[in-house]
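Notes for the structure review
So you can see what is in the structure, the chains are spelled out below.
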Amino acid sequence: MTVNAPAAPESIDLMSLEAVSDPQGYFAQLRATQPVYWDPQYRSWLITSHRHVAEALRDPRFSCDRIEPYIRKKLSGPDTDPLVRQAFDVLSGWMVFKEEPDHSRLRRLCMQAFTPQSIAKLRARAEILTAELLDAVAPGEFDLIASVAAPLPSIIIAEMMGVPVEDRLRFEQWTAKVSPLVSTGLDDPTRYGSVAEGMDALVTYFRQLFQRYTEQPADNLITALLRAREQNDALSEAELMATCTLMLFGGHETTANFIANGVLALLRHPGQLAAMREDRVDMKLALEEFMRYDGPGKTVVRVASEDFEFEGQQIQKGQRVFLMLSVANRDPLAYEDAELLKLDRPPGRHLGFGFGMHFCLGAPLARLEAGIAIPAIVKRWPGLTLAPGPLQWLPFLGTRGMRELRLRRA
Ligand code: HEM
(Lines give C-alpha, C1' and ligand atoms only; values in the text may rest on other atoms or scores of the structure.)
Protein backbone atom coordinates (compact mmCIF):
# COMPACT_ATOMS: atom_id res chain seq x y z
CA MET A 1 0.00 0.00 0.00
CA THR A 2 1.60 3.24 -1.11
CA VAL A 3 1.06 5.94 1.48
CA ASN A 4 3.48 8.65 0.37
CA ALA A 5 4.07 10.30 -2.94
CA PRO A 6 7.36 8.91 -4.30
CA ALA A 7 10.33 11.10 -3.38
CA ALA A 8 12.23 12.82 -6.17
CA PRO A 9 15.92 11.80 -6.19
CA GLU A 10 17.19 15.18 -5.02
CA SER A 11 15.05 15.06 -1.87
CA ILE A 12 15.78 11.47 -0.86
CA ASP A 13 16.39 10.95 2.85
CA LEU A 14 16.88 7.30 3.73
CA MET A 15 15.83 7.69 7.33
CA SER A 16 12.97 10.18 6.94
CA LEU A 17 9.63 9.19 8.45
CA GLU A 18 8.21 8.68 4.95
CA ALA A 19 11.09 6.45 3.85
CA VAL A 20 10.85 4.36 6.99
CA SER A 21 7.07 3.99 7.01
CA ASP A 22 6.65 3.25 3.30
CA PRO A 23 9.98 2.47 1.61
CA GLN A 24 8.33 0.83 -1.38
CA GLY A 25 6.30 3.95 -2.20
CA TYR A 26 8.98 6.43 -1.24
CA PHE A 27 11.69 4.97 -3.49
CA ALA A 28 9.40 4.14 -6.43
CA GLN A 29 10.44 7.14 -8.53
CA LEU A 30 14.12 6.61 -7.80
CA ARG A 31 13.80 2.95 -8.86
CA ALA A 32 12.17 4.02 -12.15
CA THR A 33 14.56 6.85 -12.98
CA GLN A 34 17.93 6.19 -11.28
CA PRO A 35 18.06 2.59 -10.07
CA VAL A 36 21.78 2.93 -9.29
CA TYR A 37 22.00 6.20 -7.38
CA TRP A 38 24.76 7.88 -5.35
CA ASP A 39 23.27 9.31 -2.18
CA PRO A 40 25.41 12.30 -1.19
CA GLN A 41 23.92 12.51 2.30
CA TYR A 42 24.71 8.91 3.31
CA ARG A 43 27.71 8.71 1.00
CA SER A 44 26.45 5.37 -0.30
CA TRP A 45 25.05 3.87 -3.47
CA LEU A 46 21.34 2.99 -3.38
CA ILE A 47 20.39 0.19 -5.75
CA THR A 48 16.64 -0.21 -6.04
CA SER A 49 15.53 -2.09 -9.17
CA HIS A 50 14.99 -5.84 -9.12
CA ARG A 51 17.35 -6.52 -12.01
CA HIS A 52 20.21 -4.47 -10.59
CA VAL A 53 19.85 -5.72 -7.01
CA ALA A 54 19.81 -9.34 -8.23
CA GLU A 55 22.89 -8.69 -10.37
CA ALA A 56 24.75 -7.03 -7.52
CA LEU A 57 23.95 -9.90 -5.16
CA ARG A 58 25.74 -12.26 -7.55
CA ASP A 59 28.66 -9.97 -8.35
CA PRO A 60 31.71 -10.54 -6.10
CA ARG A 61 32.87 -6.96 -6.67
CA PHE A 62 30.08 -6.05 -4.26
CA SER A 63 31.86 -7.53 -1.28
CA CYS A 64 30.23 -8.74 1.95
CA ASP A 65 33.38 -8.21 3.97
CA ARG A 66 32.58 -4.99 5.79
CA ILE A 67 33.39 -5.88 9.39
CA GLU A 68 37.13 -6.57 9.11
CA PRO A 69 37.82 -3.18 7.45
CA TYR A 70 35.72 -1.49 10.14
CA ILE A 71 37.67 -3.24 12.92
CA ARG A 72 40.98 -2.28 11.30
CA LYS A 73 39.91 1.34 10.85
CA LYS A 74 38.04 2.05 14.07
CA LEU A 75 38.81 -0.57 16.70
CA SER A 76 42.51 -1.38 16.47
CA GLY A 77 43.79 1.40 18.70
CA PRO A 78 45.13 0.78 22.23
CA ASP A 79 42.11 2.59 23.74
CA THR A 80 39.56 0.16 22.38
CA ASP A 81 37.62 -1.58 25.12
CA PRO A 82 38.51 -5.31 24.85
CA LEU A 83 34.84 -6.26 25.25
CA VAL A 84 33.86 -4.05 22.33
CA ARG A 85 36.63 -5.63 20.30
CA GLN A 86 35.40 -9.09 21.30
CA ALA A 87 31.85 -8.26 20.15
CA PHE A 88 33.13 -7.21 16.73
CA ASP A 89 35.46 -10.20 16.50
CA VAL A 90 32.46 -12.50 16.96
CA LEU A 91 30.58 -10.59 14.27
CA SER A 92 33.52 -10.77 11.89
CA GLY A 93 33.24 -14.58 11.96
CA TRP A 94 29.64 -14.56 10.65
CA MET A 95 29.44 -16.34 7.32
CA VAL A 96 27.25 -13.56 5.96
CA PHE A 97 30.33 -11.27 6.06
CA LYS A 98 32.71 -13.85 4.56
CA GLU A 99 34.08 -14.08 1.06
CA GLU A 100 35.13 -17.21 -0.83
CA PRO A 101 36.56 -19.71 -0.10
CA ASP A 102 35.99 -19.17 3.65
CA HIS A 103 32.28 -18.57 3.16
CA SER A 104 31.55 -21.83 1.32
CA ARG A 105 33.57 -23.90 3.76
CA LEU A 106 31.69 -22.44 6.73
CA ARG A 107 28.31 -22.73 5.02
CA ARG A 108 28.90 -26.38 4.05
CA LEU A 109 29.84 -27.30 7.62
CA CYS A 110 26.81 -25.47 9.04
CA MET A 111 24.47 -27.07 6.54
CA GLN A 112 25.36 -30.46 8.00
CA ALA A 113 23.67 -29.29 11.21
CA PHE A 114 20.93 -27.11 9.78
CA THR A 115 19.23 -29.67 7.55
CA PRO A 116 15.69 -29.77 6.11
CA GLN A 117 15.05 -32.80 8.35
CA SER A 118 16.14 -30.95 11.48
CA ILE A 119 13.76 -28.11 10.57
CA ALA A 120 10.85 -30.41 9.68
CA LYS A 121 11.12 -32.01 13.12
CA LEU A 122 10.17 -28.67 14.67
CA ARG A 123 6.75 -28.46 13.04
CA ALA A 124 4.75 -30.16 15.80
CA ARG A 125 6.49 -28.12 18.49
CA ALA A 126 5.91 -24.85 16.61
CA GLU A 127 2.20 -25.69 16.24
CA ILE A 128 1.78 -26.38 19.95
CA LEU A 129 3.73 -23.28 20.93
CA THR A 130 1.70 -21.07 18.58
CA ALA A 131 -1.55 -22.41 20.03
CA GLU A 132 -0.29 -21.80 23.59
CA LEU A 133 0.78 -18.25 22.79
CA LEU A 134 -2.60 -17.52 21.17
CA ASP A 135 -4.45 -19.03 24.15
CA ALA A 136 -2.60 -16.63 26.45
CA VAL A 137 -3.72 -13.48 24.59
CA ALA A 138 -6.16 -11.55 26.78
CA PRO A 139 -9.44 -10.28 25.29
CA GLY A 140 -9.52 -6.73 23.91
CA GLU A 141 -6.50 -4.92 22.52
CA PHE A 142 -3.08 -6.57 22.37
CA ASP A 143 0.34 -6.26 20.74
CA LEU A 144 0.75 -9.16 18.31
CA ILE A 145 4.53 -8.80 18.25
CA ALA A 146 5.09 -8.99 22.01
CA SER A 147 2.52 -11.72 22.56
CA VAL A 148 3.02 -14.11 19.61
CA ALA A 149 5.27 -13.02 16.72
CA ALA A 150 8.42 -12.40 18.80
CA PRO A 151 8.23 -15.19 21.40
CA LEU A 152 7.59 -17.95 18.83
CA PRO A 153 10.90 -17.69 16.91
CA SER A 154 12.82 -16.78 20.04
CA ILE A 155 11.67 -19.90 21.95
CA ILE A 156 12.08 -22.14 18.89
CA ILE A 157 15.67 -21.07 18.20
CA ALA A 158 16.63 -21.37 21.87
CA GLU A 159 15.12 -24.86 22.09
CA MET A 160 16.69 -25.83 18.79
CA MET A 161 20.12 -24.84 20.05
CA GLY A 162 19.69 -26.65 23.34
CA VAL A 163 19.37 -23.70 25.73
CA PRO A 164 17.83 -25.20 28.90
CA VAL A 165 14.46 -23.79 29.88
CA GLU A 166 15.75 -22.36 33.19
CA ASP A 167 18.30 -20.19 31.33
CA ARG A 168 15.87 -18.84 28.75
CA LEU A 169 15.12 -15.52 30.42
CA ARG A 170 18.76 -14.56 30.97
CA PHE A 171 19.56 -15.71 27.46
CA GLU A 172 16.85 -13.45 26.04
CA GLN A 173 18.08 -10.47 28.06
CA TRP A 174 21.62 -10.82 26.69
CA THR A 175 20.27 -11.27 23.19
CA ALA A 176 18.22 -8.08 23.52
CA LYS A 177 21.34 -6.15 24.58
CA VAL A 178 23.30 -7.22 21.50
CA SER A 179 20.40 -6.75 19.13
CA PRO A 180 20.97 -3.02 18.33
CA LEU A 181 24.38 -3.84 16.89
CA VAL A 182 22.77 -6.17 14.40
CA SER A 183 19.67 -4.17 13.50
CA THR A 184 20.93 -0.61 13.46
CA GLY A 185 24.38 -1.02 11.97
CA LEU A 186 27.84 -0.30 13.21
CA ASP A 187 28.04 3.45 13.35
CA ASP A 188 26.62 4.12 16.79
CA PRO A 189 29.40 3.96 19.41
CA THR A 190 27.04 5.20 22.17
CA ARG A 191 25.51 1.74 22.18
CA TYR A 192 28.79 -0.18 22.30
CA GLY A 193 28.92 -0.55 26.11
CA SER A 194 25.67 -2.40 26.54
CA VAL A 195 26.17 -4.42 23.33
CA ALA A 196 29.65 -5.53 24.44
CA GLU A 197 28.35 -6.57 27.85
CA GLY A 198 25.53 -8.59 26.31
CA MET A 199 27.89 -10.25 23.83
CA ASP A 200 30.35 -11.11 26.62
CA ALA A 201 27.56 -12.80 28.60
CA LEU A 202 26.45 -14.72 25.48
CA VAL A 203 30.02 -15.78 24.66
CA THR A 204 30.60 -17.07 28.21
CA TYR A 205 27.27 -18.87 28.18
CA PHE A 206 27.76 -20.48 24.74
CA ARG A 207 31.20 -21.71 25.87
CA GLN A 208 29.50 -23.55 28.72
CA LEU A 209 26.98 -25.05 26.32
CA PHE A 210 29.78 -26.19 23.96
CA GLN A 211 31.47 -27.90 26.91
CA ARG A 212 28.22 -29.46 28.09
CA TYR A 213 27.25 -30.87 24.70
CA THR A 214 30.79 -32.06 23.97
CA GLU A 215 30.59 -34.16 27.13
CA GLN A 216 26.92 -35.10 26.79
CA PRO A 217 25.80 -34.91 23.16
CA ALA A 218 22.07 -34.28 22.71
CA ASP A 219 19.60 -33.89 19.87
CA ASN A 220 20.18 -30.19 19.18
CA LEU A 221 21.86 -27.75 16.82
CA ILE A 222 24.94 -27.15 18.99
CA THR A 223 25.69 -30.88 19.20
CA ALA A 224 25.25 -31.15 15.44
CA LEU A 225 27.58 -28.18 14.85
CA LEU A 226 30.16 -29.71 17.21
CA ARG A 227 30.01 -32.92 15.16
CA ALA A 228 30.06 -31.31 11.69
CA ARG A 229 33.09 -32.56 9.77
CA GLU A 230 34.47 -32.31 6.25
CA GLN A 231 37.41 -34.68 5.90
CA ASN A 232 39.56 -33.53 8.83
CA ASP A 233 38.08 -30.09 8.98
CA ALA A 234 35.67 -28.99 11.72
CA LEU A 235 34.41 -25.70 13.09
CA SER A 236 36.80 -23.96 15.49
CA GLU A 237 35.45 -22.56 18.76
CA ALA A 238 35.45 -19.05 17.26
CA GLU A 239 33.49 -20.32 14.26
CA LEU A 240 31.01 -22.12 16.50
CA MET A 241 30.54 -18.93 18.47
CA ALA A 242 30.05 -16.89 15.31
CA THR A 243 27.60 -19.39 13.87
CA CYS A 244 25.51 -19.71 17.03
CA THR A 245 25.22 -15.95 17.42
CA LEU A 246 24.39 -15.53 13.72
CA MET A 247 21.63 -18.14 13.93
CA LEU A 248 20.33 -16.46 17.04
CA PHE A 249 20.14 -12.98 15.52
CA GLY A 250 19.45 -14.07 11.96
CA GLY A 251 16.41 -16.00 13.04
CA HIS A 252 14.85 -13.92 15.72
CA GLU A 253 13.55 -10.44 14.86
CA THR A 254 13.40 -11.18 11.15
CA THR A 255 10.93 -14.01 11.64
CA ALA A 256 8.91 -11.99 14.17
CA ASN A 257 8.58 -9.24 11.55
CA PHE A 258 7.75 -11.78 8.84
CA ILE A 259 4.75 -12.89 10.91
CA ALA A 260 3.66 -9.37 11.92
CA ASN A 261 4.07 -7.83 8.45
CA GLY A 262 2.16 -10.77 6.97
CA VAL A 263 -0.78 -10.34 9.35
CA LEU A 264 -0.80 -6.58 8.69
CA ALA A 265 -0.85 -7.19 4.92
CA LEU A 266 -3.82 -9.54 5.32
CA LEU A 267 -5.77 -7.09 7.48
CA ARG A 268 -5.30 -4.52 4.73
CA HIS A 269 -6.48 -6.93 2.00
CA PRO A 270 -9.87 -8.30 3.14
CA GLY A 271 -10.34 -10.53 0.08
CA GLN A 272 -7.02 -12.28 0.67
CA LEU A 273 -7.76 -12.50 4.40
CA ALA A 274 -11.06 -14.26 3.68
CA ALA A 275 -9.28 -16.69 1.34
CA MET A 276 -6.75 -17.52 4.05
CA ARG A 277 -9.46 -18.04 6.67
CA GLU A 278 -11.40 -20.30 4.33
CA ASP A 279 -8.33 -22.42 3.47
CA ARG A 280 -8.43 -21.35 -0.17
CA VAL A 281 -4.74 -20.48 -0.16
CA ASP A 282 -1.67 -22.47 -1.16
CA MET A 283 0.57 -21.59 1.81
CA LYS A 284 3.74 -22.28 -0.17
CA LEU A 285 2.89 -19.53 -2.65
CA ALA A 286 1.38 -17.28 0.01
CA LEU A 287 4.56 -17.24 2.12
CA GLU A 288 6.69 -16.15 -0.83
CA GLU A 289 4.15 -13.44 -1.61
CA PHE A 290 4.25 -12.16 1.99
CA MET A 291 8.03 -11.98 1.65
CA ARG A 292 7.82 -10.17 -1.66
CA TYR A 293 5.06 -7.80 -0.68
CA ASP A 294 6.47 -6.60 2.63
CA GLY A 295 9.19 -8.94 3.88
CA PRO A 296 11.39 -8.03 6.84
CA GLY A 297 14.65 -8.03 4.88
CA LYS A 298 14.74 -4.39 3.77
CA THR A 299 18.33 -3.74 2.75
CA VAL A 300 21.63 -5.61 2.65
CA VAL A 301 24.95 -3.81 2.60
CA ARG A 302 27.96 -4.41 0.41
CA VAL A 303 31.30 -2.64 -0.07
CA ALA A 304 32.97 -2.19 -3.48
CA SER A 305 36.11 -4.33 -3.52
CA GLU A 306 37.57 -2.46 -6.53
CA ASP A 307 36.83 0.48 -8.86
CA PHE A 308 34.37 -0.61 -11.54
CA GLU A 309 31.57 0.51 -13.81
CA PHE A 310 28.08 -0.76 -13.03
CA GLU A 311 25.13 0.22 -15.23
CA GLY A 312 26.93 3.32 -16.45
CA GLN A 313 27.95 4.47 -12.95
CA GLN A 314 31.52 4.59 -11.66
CA ILE A 315 31.67 2.76 -8.36
CA GLN A 316 34.88 3.26 -6.38
CA LYS A 317 36.72 0.83 -4.17
CA GLY A 318 35.59 1.11 -0.54
CA GLN A 319 32.26 2.79 -1.32
CA ARG A 320 29.24 1.46 0.52
CA VAL A 321 26.31 0.04 -1.39
CA PHE A 322 22.77 -0.46 -0.08
CA LEU A 323 20.88 -3.15 -1.97
CA MET A 324 17.24 -2.30 -1.26
CA LEU A 325 15.51 -5.67 -1.32
CA SER A 326 12.04 -4.49 -0.33
CA VAL A 327 12.02 -1.77 -2.99
CA ALA A 328 13.27 -4.22 -5.65
CA ASN A 329 10.53 -6.66 -4.65
CA ARG A 330 7.85 -4.18 -5.80
CA ASP A 331 9.51 -3.40 -9.11
CA PRO A 332 6.78 -3.24 -11.80
CA LEU A 333 9.34 -4.39 -14.36
CA ALA A 334 9.67 -7.66 -12.44
CA TYR A 335 6.08 -8.21 -11.26
CA GLU A 336 2.64 -7.63 -12.65
CA ASP A 337 0.49 -5.56 -10.23
CA ALA A 338 3.57 -5.26 -8.05
CA GLU A 339 1.74 -3.07 -5.51
CA LEU A 340 -0.93 -5.71 -4.81
CA LEU A 341 -0.80 -8.61 -2.39
CA LYS A 342 -1.83 -11.67 -4.40
CA LEU A 343 -1.41 -14.82 -2.38
CA ASP A 344 -1.74 -17.02 -5.47
CA ARG A 345 0.96 -15.16 -7.39
CA PRO A 346 2.98 -17.67 -9.42
CA PRO A 347 6.41 -18.36 -7.94
CA GLY A 348 8.93 -15.73 -8.97
CA ARG A 349 12.32 -14.81 -7.68
CA HIS A 350 11.75 -12.35 -4.86
CA LEU A 351 14.85 -11.09 -3.09
CA GLY A 352 13.55 -11.04 0.47
CA PHE A 353 15.89 -13.85 1.58
CA GLY A 354 18.74 -12.47 -0.51
CA PHE A 355 20.02 -14.24 -3.60
CA GLY A 356 23.13 -16.09 -4.73
CA MET A 357 25.69 -17.65 -2.46
CA HIS A 358 24.55 -15.87 0.72
CA PHE A 359 20.89 -16.83 0.25
CA CYS A 360 19.36 -17.11 3.71
CA LEU A 361 20.31 -20.40 5.34
CA GLY A 362 17.36 -20.11 7.73
CA ALA A 363 14.66 -19.59 5.08
CA PRO A 364 13.09 -23.05 5.68
CA LEU A 365 12.80 -22.32 9.41
CA ALA A 366 11.33 -18.86 8.84
CA ARG A 367 8.81 -20.30 6.37
CA LEU A 368 7.86 -23.09 8.77
CA GLU A 369 7.19 -20.67 11.64
CA ALA A 370 5.36 -18.02 9.62
CA GLY A 371 3.43 -20.72 7.73
CA ILE A 372 2.05 -21.96 11.04
CA ALA A 373 1.62 -18.63 12.84
CA ILE A 374 0.01 -16.38 10.19
CA PRO A 375 -2.99 -18.63 9.39
CA ALA A 376 -3.38 -19.61 13.05
CA ILE A 377 -3.60 -15.95 14.09
CA VAL A 378 -6.17 -14.86 11.52
CA LYS A 379 -8.29 -17.99 11.93
CA ARG A 380 -8.36 -17.77 15.71
CA TRP A 381 -10.27 -14.47 15.80
CA PRO A 382 -12.68 -13.84 12.91
CA GLY A 383 -13.28 -10.28 14.16
CA LEU A 384 -9.59 -9.35 14.32
CA THR A 385 -8.95 -5.70 13.40
CA LEU A 386 -6.15 -3.16 13.54
CA ALA A 387 -6.35 -0.94 16.61
CA PRO A 388 -6.70 2.75 15.73
CA GLY A 389 -3.55 4.85 15.64
CA PRO A 390 -0.49 5.13 13.44
CA LEU A 391 1.88 2.22 12.94
CA GLN A 392 5.38 2.77 14.27
CA TRP A 393 7.90 1.40 11.81
CA LEU A 394 11.40 0.79 13.16
CA PRO A 395 13.91 3.37 11.91
CA PHE A 396 16.34 0.66 10.75
CA LEU A 397 17.89 0.41 7.36
CA GLY A 398 18.28 -3.35 7.34
CA THR A 399 14.98 -4.41 8.81
CA ARG A 400 11.38 -3.71 7.84
CA GLY A 401 9.45 -4.16 11.06
CA MET A 402 7.16 -2.45 13.51
CA ARG A 403 7.80 -1.55 17.13
CA GLU A 404 4.43 -3.10 17.96
CA LEU A 405 1.34 -4.22 16.10
CA ARG A 406 -1.73 -3.40 18.17
CA LEU A 407 -4.78 -5.45 17.24
CA ARG A 408 -8.26 -5.94 18.61
CA ARG A 409 -9.80 -9.36 18.93
CA ALA A 410 -13.56 -9.50 19.10
C1 HEM B 1 11.92 -14.02 7.53
C2 HEM B 1 13.01 -14.25 8.18
C3 HEM B 1 14.35 -14.03 7.57
C4 HEM B 1 14.76 -13.11 6.63
C5 HEM B 1 13.93 -12.04 5.96
C6 HEM B 1 16.16 -13.35 6.40
C7 HEM B 1 16.91 -12.63 5.49
C8 HEM B 1 18.21 -12.95 5.13
C9 HEM B 1 18.94 -12.31 4.07
C10 HEM B 1 18.42 -11.18 3.20
C11 HEM B 1 20.15 -12.90 4.00
C12 HEM B 1 21.28 -12.57 3.01
C13 HEM B 1 22.17 -11.49 3.56
C14 HEM B 1 23.17 -10.97 2.56
O15 HEM B 1 23.20 -11.39 1.38
O16 HEM B 1 23.94 -10.09 2.96
C17 HEM B 1 20.20 -13.90 5.05
C18 HEM B 1 21.29 -14.69 5.32
C19 HEM B 1 21.33 -15.57 6.39
N20 HEM B 1 20.28 -15.91 7.24
FE21 HEM B 1 18.41 -15.21 7.15
N22 HEM B 1 16.59 -14.37 7.19
C23 HEM B 1 15.51 -14.83 7.92
C24 HEM B 1 15.49 -15.87 8.82
C25 HEM B 1 16.60 -16.58 9.21
C26 HEM B 1 16.61 -17.65 10.17
C27 HEM B 1 15.37 -18.21 10.88
C28 HEM B 1 17.91 -18.05 10.31
C29 HEM B 1 18.51 -19.12 11.18
C30 HEM B 1 18.04 -19.58 12.27
C31 HEM B 1 18.71 -17.27 9.39
C32 HEM B 1 20.05 -17.40 9.18
C33 HEM B 1 20.75 -16.83 8.15
C34 HEM B 1 22.15 -17.14 7.87
C35 HEM B 1 23.02 -18.12 8.63
C36 HEM B 1 22.50 -16.34 6.76
C37 HEM B 1 23.86 -16.26 6.10
C38 HEM B 1 23.94 -17.14 4.87
C39 HEM B 1 25.26 -16.99 4.15
O40 HEM B 1 25.96 -16.00 4.33
O41 HEM B 1 25.59 -17.92 3.39
N42 HEM B 1 17.88 -16.38 8.74
N43 HEM B 1 18.99 -13.93 5.71
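Our structure is the block above this text.
Only a predicted model underlies this, so the values are computations on that prediction, with no experimental measurement involved.

Here we look at the overall build of the chain
- Within the chain, the secondary structure is distributed over 20 helices and 12 strands.
- Relative to a compact globule of 410 residues, whose C-alpha radius of gyration would be 22 Å, the chain shows 21 Å and is just as compact.
- Based on the C-alpha atoms only, the size of the chain along its principal axes is roughly 55 × 55 × 40 Å.
- Out of the 410 residues belonging to the chain, those deemed buried represent 54%.
- Considering only contacts within the chain whose residues lie at least 6 apart along the sequence, 71% involve residues at least 24 apart.
- Of the roughly 18,100 Å² of accessible surface on the chain, a fraction of 54% belongs to carbon and sulfur atoms.

Some thoughts on the site of the ligand
- Close to the ligand lie 30 residues; His103, Arg107, Arg302, His358 and Cys360 are nearest.
- Interatomic distance of 2.6 Å between a side-chain N/O atom of histidine 358 and an oxygen atom of the ligand.

A word on the pattern of salt bridges
- In the structure shown here, the tally under the stated rule is 25 salt bridges.
- Note that aspartate 59 is salt-bridged to arginine 61, the shortest N-O span being 2.8 Å.
- Judged by its relative accessible area of 26%, arginine 61 falls in the partly exposed class.
- One salt bridge in this structure joins aspartate 279 and lysine 379, with 2.5 Å as the shortest N-O distance. In this pair, aspartate 279 is assigned in the loop between helix 17 (270-277) and helix 18 (283-294) and lysine 379 in helix 20 (residues 363-380), connecting sequence segments 100 residues apart.
- Salt bridges sharing partners connect three or more residues here, namely Glu141, Glu404, Arg406 and Arg408.

Points about the sheet that holds strand 4 (residues 140-143)
- Pairing within the open sheet is antiparallel, and its three strands lie in the order 4-12-11. Only two strands of the sheet have a single partner each, and these edge strands are strand 4 and strand 11 (385-386).

Description of the coordination of the iron atom of the ligand
- Exactly one protein atom donates to the iron atom of the ligand; that atom is Cys360 (SG), 2.3 Å from the metal.
- Among the structural elements, cysteine 360 can be located in the loop between helix 19 (325-328) and helix 20.

Brief notes about the packing of aromatic side chains
- Inspection of the entire model under this criterion finds 14 aromatic pairs.
- Aromatic side chains tryptophan 94 and phenylalanine 249 sit 6.3 Å apart centroid to centroid with 25° between the ring planes, which places their arrangement in the stacked category. Taken together, the residues tryptophan 94 in the loop between helix 6 (82-92) and helix 7 (102-113) and phenylalanine 249 in helix 15 (residues 237-250) connect sequence positions 155 residues apart. One exposure class covers both tryptophan 94 and phenylalanine 249, and it is buried.
- Between the aromatic rings of phenylalanine 206 and phenylalanine 210, the centroid separation amounts to 6.1 Å while the plane-to-plane angle is 15°, which identifies the pairing as stacked. Here the residue phenylalanine 206 and the residue phenylalanine 210 both occupy positions in helix 13 (residues 192-215), the gap between them amounting to four residues, near one helical turn. Like phenylalanine 210, phenylalanine 206 is buried.
- Grouping aromatic residues by their ring pairs yields a cluster made of Phe171, Trp174, Tyr205, Phe206 and Phe210.
- Above the ring of tyrosine 335, the side-chain terminus of arginine 292 is found at 4.9 Å from the ring centroid.
- When the ring centre of tyrosine 293 is taken as reference, the NZ or CZ atom of arginine 330 above it lies at 4.1 Å.

Quick notes on the sheet that holds strand 3 (residues 62-63)
- Sheet architecture is open: five strands sit in the order 1-2-10-7-3, paired in mixed fashion. Only two strands of the sheet have a single partner each, and these edge strands are strand 1 (36-39) and strand 3.
- With respect to the sheet, helix 4 (residues 50-58) is in contact with strand 1, strand 2 (44-47), strand 3, strand 7 (299-304) and strand 10 (320-324), its orientation differing from that of strand 10 by roughly 125°.

Remarks on the packing of helix 9 (residues 123-135) against helix 11 (residues 151-161)
- Their axes nearest at 10 Å, the elements helix 9 and helix 11 cross at an angle of 140°. Judged on the interaxial angle alone, helix 11 and helix 9 are oblique. The two elements helix 9 and helix 11 cross, and the hand of that crossing is right-handed. Together, Arg125, Ala126, Leu129, Thr130 and Leu133 of helix 9 and Pro151, Leu152, Ile155, Ile156 and Glu159 of helix 11 make up the contact between the two elements.
- A class-by-class count of the residues in the contact of helix 9 with helix 11 yields seven nonpolar, one polar and two charged.

Considerations on helix 9
- If you check helix 9, its first and last C-alpha atoms are 18 Å apart, about what 13 residues at 1.5 Å a residue would give, namely 18 Å.
- Among the residues of helix 9, those classed as buried are Ala126, Leu129, Thr130, Leu133 and Leu134. Each buried residue of helix 9 sits inside an arc of 135° when the element is viewed along its axis, so together they form one side.
- Buried residues along helix 9 sit in contact with helix 10 (144-149), helix 11 and helix 20.

Things to note about unusual backbone geometry
- Between glutamate 100 and the following residue, proline 101, the backbone shows a cis peptide bond with an omega angle of 0°.
- Looking at where proline 101 falls in the secondary structure, it is placed in the loop between helix 6 and helix 7.
- With a phi close to 45°, arginine 43 is a non-glycine residue in the positive phi region.
- On the secondary structure map, arginine 43 appears in the loop between strand 1 and strand 2.
- Taking relative accessible area as the criterion, arginine 43 reaches 59% and is therefore assigned exposed.
- Positive phi values are uncommon outside glycine, yet aspartate 337 reaches one of about 45°.

About the criteria used
Residues numbered from 1 in each chain as written. Predicted model: local features only at pLDDT ≥ 70, side-chain atom pairs only at ≥ 80, totals over all residues. Heavy atoms only, no water. Helix = DSSP H or I, 4+ residues; strand = E, 2+ residues; numbered from the N terminus. Rg over C-alpha atoms; globule rule 2.2 N^0.38 Å. Buried < 20%, exposed > 50% of the residue type's maximum accessible area, 1.4 Å probe, protein only. Contact = heavy atoms within 4.5 Å. Areas by Shrake-Rupley, 256 points an atom, 1.4 Å probe, with all protein chains shown as cover. Near = heavy atom within 4 Å. Polar contact = N/O pair within 3.5 Å; in protein donor to acceptor, adjacent residues only side chain to side chain. Salt bridge = Lys/Arg side-chain N within 4 Å of Asp/Glu carboxyl O. Pairing = 2+ DSSP bridges. Donors = N, O, S within 2.8 Å, 3.2 Å for Na, K, Ca; no water. Phe/Tyr/Trp six-rings, centres within 6.5 Å; stacked < 30°, edge-to-face > 60°. Lys NZ or Arg CZ within 6 Å of the ring centre and 35° of its normal. Axes fitted to C-alpha atoms, helices over the stretch in contact; angles between N-to-C directions. Parallel < 35°, antiparallel > 145°, perpendicular 65-115°, else oblique. Left-handed = near helix turned anticlockwise from the far one by under 90°. Nonpolar A, V, L, I, M, F, W, Y, C, P; charged D, E, K, R; others polar. Expected span 1.5 Å × (residues − 1). Arc of directions from axis to C-beta.

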